[in-house]
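Here is what each chain is made of, one letter per residue.
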Amino acid sequence: MSEYENMRTADIVAEALLDWQVEVIFGLPGDGINGFMEALRRRKDKIRFVLVRHEESAAFMACAYARYTGRLGACVATSGPGAIHLLNGLYDAKLDNTPVIAITGTTYSDMMNSNYQQDVNLIQLFSDVSVYNSMINVPEQAEMVVDFACRTALSRRGVSHITIPIDIQERKLKGDYSRHKVAGHTSDIYNHLILPDKKLIEDAAYILNSGERVVILAGQGALGAEDELVSVAQKLGAPIVKALLGKAVVPDDNSYSIGGIGLLGTAPASDAMSEADTLFMIGTSFPYIDYLPRPGQARGIQIDIKQEKVGVRYPVDIGLVGDSKLTLSALIPLLHQKTNLEFLKSKQEAMKNWNKLIKERSSRTDRPIKPQYIADILSDELEDNAIISVDSGTITTWAARHINLRKGMKFSVSGTLASMACSLPYAIAAQIAFPDRQSIAFVGDGGFAMLMGEFATAVQYDLPIKVFVIKNDTLGMIRWEQMAFLGNPEFGVEFTPIDFAKFAEACGGIGYSIKEPNQVRSTVRNAMKESKPTLIEAYVDPFEPPMPPKTDMVFVNNLAKSFAKGQPYKGRIGLTLFRDKVHEVLKDIHSHPD
């Protein structure tokens, strides 16, 4: 006899989720999922339901909750349009290898495929985004499906989707099992502690010991392995380059860190990759392969928890499939202490010069305000255990380069999907997961406007998040992509302004506006002391370019082409670029009081 005998399907699902330590579910109810909502109501002391303003936010929140806690994220939506709205946030989880379970309702089991209201083929719709995708057709199936869904999401670092017809949610388990079904045959046991074969680790150590210019590229899969990572870097004399999702792997001020890679990265990291004879990738599937060493230039070692990720970005000699912390721990005793540290020291010296340049860019008190200046002041005011959630766009550049993470901080962004609108839901999920820590959303006005209704969610649940809206009334990154990537004039990137501070107040929160450079530090400091949801909008220079670490002639030529074709603000843009360059040349004789 099953422990769930005579229990509704919806209740079985809720109980099974509890077995997998699901304690928070983000979502929005509807008649297609109300049977499950009743199950959550009955267990509101065990599972917290967080009501959102848009289902996309629920999926983003589930994704962020999983990233920041290392546990399974969960979201719920009704049939048809509610379920469809989940998809963008779920793709964010899929592309960044984040374990999330999504539960949706669907129409009556005997009305499916009849063009009934909100009748959508959700199994087909979710087939690409999910690693496990199933419909519960009878109560006797429910426990097994949830166990499979949770285990698969965790083991394969992806999205599991379960949909339940409205009537099946209410149907009670009667023990009408099929011939080969045995009640209670599944379990909620899961083990993620995976270690590669000893011989492979020894072979990897041999290659790493043989390298003279070893570069470490660390991503989010190395989070939690800071001590081991630094020990490896110290033994190999290897600089650590960080993929964006791995920004918190080691503190930005760690002597082995030489910053990020790619368009948002640093010049020392770019140089290190071009000079490396050995590349050690740890917990990353960094997509922009043109920023890695050329195939044949360097020998490669890769650690990843997912076998299918090994060798995707670089032709590695050895792939170590396993947990980064465990694998590095097994590798460290086999590594020899490098004595020639010339390569490392050259990159450390280059990083000191880079940091001086970045500090120069972020300390300018020009009018209009430079966005880097906001990021720099915010960085100074962060608490030691702050959680920073960043949106996509030029905002990502300012955060990647000008917000310095210290030991104990957390950081995330929509990495591979690079979706706008993620940071506010991320910050809400972070505050729910860690109510005693400082939770920051750093977002552009374009991204914020997409899901700005969730600020009211923060007010509803009294979450003291701080939302920094970098305001230029422009889709800044798209402007620069149109110009610098394609050589075209900008088109369709300007918005009419919104008073976001007044919006925050209308929602019941606190709003601040920053329009002058001399207001920045005092306003940020005051805002950070608020105990209510607080929004700080900063009016910044819309023509400040998110420059790559090294400017090549393709970039310059494309800008020239866009100017020739009729770029509407070429005078302002040209003047900004000129002033920025002159300012850096003359930086030694400038001073910038706060």
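It should be emphasised that the depicted structure is a prediction, and the values quoted were computed from it without experimental measurement.

Caption draft 1: Representation of the overall build of the protein in the model. A count of helices and strands for the protein gives 23 helices and 18 strands. Computed over C-alpha atoms, the radius of gyration of the protein comes to 25 Å, within 12% of the 25 Å expected from 2.2 N^0.38 for 594 residues, which places it in the range of a compact globule. For the C-alpha atoms alone, the extent of the protein along its principal axes is close to 80 × 60 × 45 Å. Looking at the 594 residues of the protein, the share that counts as buried comes to 57%. Expressed as a percentage of contacts within the protein between residues at least 6 apart in sequence, the contacts between residues at least 24 apart total 75%. A total accessible area of about 24,100 Å² is found for the protein, and carbon and sulfur atoms account for 52% of it. If you average the places of the 63 positive and of the 70 negative side-chain charges in the protein, the two averages end up 3 Å apart.

Caption draft 2: Structural context of a nonpolar patch on the surface. Together, Leu193, Leu195 and Leu326 make up an exposed nonpolar region whose accessible area comes to about 270 Å². Turning to its location among the elements, Leu195 is positioned in the loop between α8 (166-170) and α9 (198-210). Here Leu195 falls in the partly exposed class, since its relative accessible area comes to 48%.

Caption draft 3: Just the nonpolar core, in detail. Core analysis: the biggest nonpolar cluster contains 50 residues, and Phe26, Cys75, Leu90, Phe448 and Val467 have the highest contact counts within it. If you tally residues by element for this core, the top one is helix α3 (residues 55-69), at nine residues. Those residues in contact with Phe448 that sit more than four places away from it in its chain are Leu424, Val443, Val467, Val469, Phe500, Phe503 and Leu535.

Caption draft 4: Broad picture of the confidence of the model for the protein. Looking at the protein, pLDDT values average 94 and 97% of them are 70 or higher. Across residues 588-594, where pLDDT falls below 50, the model places ten contacts with residues more than four positions away in sequence or in other chains.

Caption draft 5: Expanded view of empty space enclosed by the protein. Under the criterion given, the structure shown has two cavities of 30 Å³ or more. By volume, the largest cavity is sized at about 90 Å³. What lines the largest cavity is a set of 14 residues, among which Glu140, Glu143, Lys181, Ala183 and Gly184 lie closest to the centre. Here the residues of the lining of the largest cavity are counted per class, giving seven nonpolar, four polar and three charged. Reported here for the second largest cavity is a volume of approximately 60 Å³. Along the walls of the second largest cavity sit Pro371, Thr394, Trp398, Ile470, Asn472, Gly476, Trp480, Val540, Asp541, Pro542, Phe543 and Glu544, which together make up its complete lining.

Caption draft 6: Fine view of the sheet that holds strand β17 (residues 510-514). Ordered in space as β14-β13-β15-β16-β18-β17, the six strands form an open sheet in which the pairing is parallel. Because the sheet does not close on itself, it has two edges, and the strands there are β14 (410-413) and β17. On average, each strand axis in the sheet is tilted by 15 degrees relative to the strand beside it, whichever way the strands run. As judged from the four bridges shared by strand β13 (residues 387-390) and strand β15 (residues 439-444), these two strands associate in the parallel manner. Bridged to Ser389 within β15 is Ala441.

Caption draft 7: Summary view of the environment of Ala272. Looking at where Ala272 falls in the secondary structure, it is placed in helix α11 (residues 267-275). The residues contacting Ala272, other than those within four sequence positions of it, are Val215, Ile258, Phe343 and Lys347.

Caption draft 8: Here's a closer look at the environment of Ser130. Assignment of secondary structure puts Ser130 in strand β5 (residues 130-135). Here Ser130 falls in the buried class, since its relative accessible area comes to 13%. Taking C-alpha positions, Ser130 is 20 Å from Ile33, a pair spaced 97 residues apart along the chain. A polar atom in the side chain of Ser130 sits 2.6 Å from the backbone oxygen of Phe126.

Caption draft 9: Seen up close, the pairing of strand β12 (residues 318-321). Burial of the side chains of β12 is restricted to one face: Ile318 and Leu320 are buried, whereas none of Gly319 and Val321 on the reverse face is. Bridge analysis of strand β11 (residues 299-304) against β12 gives four bridges, and the strand direction is parallel. Directly across from Ile303, in β12, lies its bridge partner Leu320.

Caption draft 10: Focus on the pairing of strand β16 (residues 466-471). The buried count for β16 comes to six of six residues, which makes it a mostly enclosed element. Bridge count between β15 and β16: five bridges; the pairing is parallel. Counterpart to Val443 in the pairing with β16 is Val469. As paired elements, β16 and strand β18 (residues 534-539) share six bridges and run parallel to each other. Counterpart to Lys466 in the pairing with β18 is Thr534.

Caption draft 11: Region of interest: the sheet that holds strand β3 (residues 73-77). Spatially, the six strands line up as an open sheet ordered β2-β1-β3-β4-β6-β5, and their pairing is parallel. The open sheet has two edge strands, β2 (48-51) and β5, and neither has a second partner. Here the average twist between neighbouring strands, direction ignored, is 20 degrees. As paired strands, strand β1 (residues 24-27) and β2 are joined by four bridges and run parallel to one another. Paired with Ile25 across the bridge in β2 is Phe49. Sheet contacts for helix α1 (residues 9-19): β1, β4 (100-106) and β6 (159-165); angle to β4, the most-contacted strand, approximately 175 degrees.

Analysis parameters
Residues numbered from 1 in each chain as written. Predicted model: local features only at pLDDT ≥ 70, side-chain atom pairs only at ≥ 80, totals over all residues. Heavy atoms only, no water. Helix = DSSP H or I, 4+ residues; strand = E, 2+ residues; numbered from the N terminus. Rg over C-alpha atoms; globule rule 2.2 N^0.38 Å. Buried < 20%, exposed > 50% of the residue type's maximum accessible area, 1.4 Å probe, protein only. Contact = heavy atoms within 4.5 Å. Areas by Shrake-Rupley, 256 points an atom, 1.4 Å probe, with all protein chains shown as cover. Lys, Arg positive; Asp, Glu negative; His and termini not counted. Charge placed at Lys NZ, Arg CZ, Asp CG, Glu CD. Patch = residues over 30% accessible without salt bridge, like charges linked within 9 Å, V, L, I, M, F, W, Y side chains within 5 Å. Salt bridge = Lys/Arg side-chain N within 4 Å of Asp/Glu carboxyl O. Core = buried A, V, L, I, M, F, W, Y, C linked by side-chain atoms within 4.5 Å. pLDDT = per-residue confidence, 0-100. 1 Å grid on protein atoms, 1.4 Å probe; cavity = no way out; pocket = protein on both sides within 12 Å on 5 of 7 lines; lining within 4 Å. Points joined across faces, edges and corners; volume = space filled by probe spheres on them. Nonpolar A, V, L, I, M, F, W, Y, C, P; charged D, E, K, R; others polar. Pairing = 2+ DSSP bridges. Axes fitted to C-alpha atoms, helices over the stretch in contact; angles between N-to-C directions. Polar contact = N/O pair within 3.5 Å; in protein donor to acceptor, adjacent residues only side chain to side chain.

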